[in-house]
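Letter by letter, the chains look like this.
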Amino acid sequence: MEHPILFISLILQNLGLPVPHGPVGDTLLAKLVSPHMTYTWLVMLFLIIVPKLTLGKMSLVPGKGQNFWEVIIGGLEGFMADNMGKEGARMMFPMLATFALYILVANMIGLMPGFMSPTSNLNITLACTLIVFFTTHILGVKFHGAGYIKHFLGPIPWLIPLMLPIELISHFARILSLSIRLFGNIMAKETLLGILFMLAGAYFAPLPILCLGVFVSIVQALVFLLLSILYFSAAMEHAH
Amino acid sequence: MSDNSRKDTLRLLAQFSTIGMTVAFSIFIGVGIGYYLDHKVFAGRTSPWLTLIFLGLGVGAAFKNLYDMASRKDL
């Protein structure tokens, strides 16, 4: 298969930086300029600069740009308040909205030729998932103190030696399923698009897959958001 | 009403689409922990047994997940 042309990697390579040809480089500098890192920074820049440009001056009667962002932020907060209650939504909103917007833009950016999705690299999705995992348990300890261990012990006392490893295993399975679902979907999209472009790009063969790619990107961002909300609310409520 | 039920469908779809992956990964993590204990911690002295025990625990975790999903009260 032909090597995909990535604009940022090409520019950095011409600047003399050691851009790796595989997914991850050897030295620290090569790791820093590997494609998924540079495109993550591109997505971050996009998410910082574009709202600044479109928002303009905040006013009581919103203009076009402010209206757009108010719909997005309001929709996200309503979605979170439906699933974890107003209090929890207010507390976790900054983190979860960041995840949702970042993953959505990162999934979508790979649909343009010359760009790649940072989320098609397992390291990025695993990092997101580990943040969600540790935050879940920090929230549990914050809300229940030492009694949080009751979440892991099951309902019957003499079954504890059986239930404790089972609960721990199912918590670790969450890390894998959350990260590999996002990674697998997006990598499949990217690989399929690359192969179709190489085989019959001149005849618009990738067009239906591009439409499906938009759908998959939105659904996977929503699923990641929804599952983290569910894990957080499960850690905050009482053990049954 | 219809908007509400559609939102509910989306939520349930997201939750129940995790079943298959959770079953597979629970079993793999069980085997992984058992294999690590057998070959790295106890250096092969307990060789097949901890792998088999933790395989059983992984299968148990998978089925507990299924049971929890099946016994939900809010459906």
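Residues numbered from 1 in each chain as written. Chains lettered and ligands numbered in written order. Predicted model: local features only at pLDDT ≥ 70, side-chain atom pairs only at ≥ 80, totals over all residues. Heavy atoms only, no water.

## Topic: helix α1 (residues 7–14) of chain A
All names here are of chain A.
- Looking at α1, one finds that the buried residues are I8, S9 and L12. Each buried residue of α1 sits inside an arc of 100° when the element is viewed along its axis, so together they form one side. Turned more than 90 degrees away from the buried face of α1 sit I11 and N14, all of them exposed.
- Against the buried residues of α1 lie α3 (35–55).
- After α1 finishes, the residue G16 shows a positive phi value of roughly 95°. (Buried < 20%, exposed > 50% of the residue type's maximum accessible area, 1.4 Å probe, protein only. Helix = DSSP H or I, 4+ residues; strand = E, 2+ residues; numbered from the N terminus. Arc of directions from axis to C-beta. Contact = heavy atoms within 4.5 Å.)

## Structural notes on the interface of chain A and chain B
- In this complex, chain A contributes 20 residues to the contact, which on the side of chain B involves 20 residues.
- Summed over the three residues of chain A that lose the most area to chain B, namely I166, I169 and R181 of chain A, the buried surface amounts to 29% of that side.
- For the interface between chain A and chain B, the tally reads one salt bridge.
- Counting every contact that joins chain A to chain B gives one residue pair in polar contact (both at pLDDT 80 or more).
- With 13 residues, helix α6 (residues 160–200) of chain A is the largest single contributor of residues to the side of chain A that touches chain B. (Buried area = accessible area lost by both parts, 1.4 Å probe. Salt bridge = Lys/Arg side-chain N within 4 Å of Asp/Glu carboxyl O. Polar contact = N/O pair within 3.5 Å; in protein donor to acceptor, adjacent residues only side chain to side chain.)

## Side note on the nonpolar core
- In this structure, M80, M84, L96, F224 and F232 of chain A are the most contacted members of the largest nonpolar core, which totals 37 residues.
- When residues of this core are traced back to their parent elements, those giving at least two are α4 (64–109), α5 (122–144), α6 and α7 (207–236) of chain A.
- Considering every element that reaches this core, the biggest residue donor is α4 of chain A, with 17 residues.
- When near neighbours in sequence (up to four residues on either side) are disregarded, M84 of chain A contacts A89, M92, L96, I229, F232, S233 and M236 of chain A.
- Listed in part, the nine residues of the second largest apolar core include A173 of chain A together with I29, L50 and L57 of chain B. (Core = buried A, V, L, I, M, F, W, Y, C linked by side-chain atoms within 4.5 Å.)

## Let's talk about the packing of aromatic side chains
All names here are of chain A.
- All told, the structure shown has six aromatic pairs over all chains when counted by the stated rule.
- Taken together, a centroid distance of 5.4 Å and an interplanar angle of 80° make the contact between F68 and W69 edge-to-face.
- Relative accessible area serves as the criterion here: at 49%, F68 is assigned to the partly exposed category.
- Seen in terms of ring centroids, F99 and F224 are 5.7 Å apart; in terms of plane orientation they differ by 55°. Their pairing is tilted. Residue F99 is located in helix α4, and its partner F224 is located in helix α7; the two are separated by 125 residues in the primary sequence.
- Accessibility expressed as a relative area gives 10% for F99, which makes it buried.
- Aromatic rings pair up to connect F133, F134 and F172 into one cluster. (Phe/Tyr/Trp six-rings, centres within 6.5 Å; stacked < 30°, edge-to-face > 60°.)

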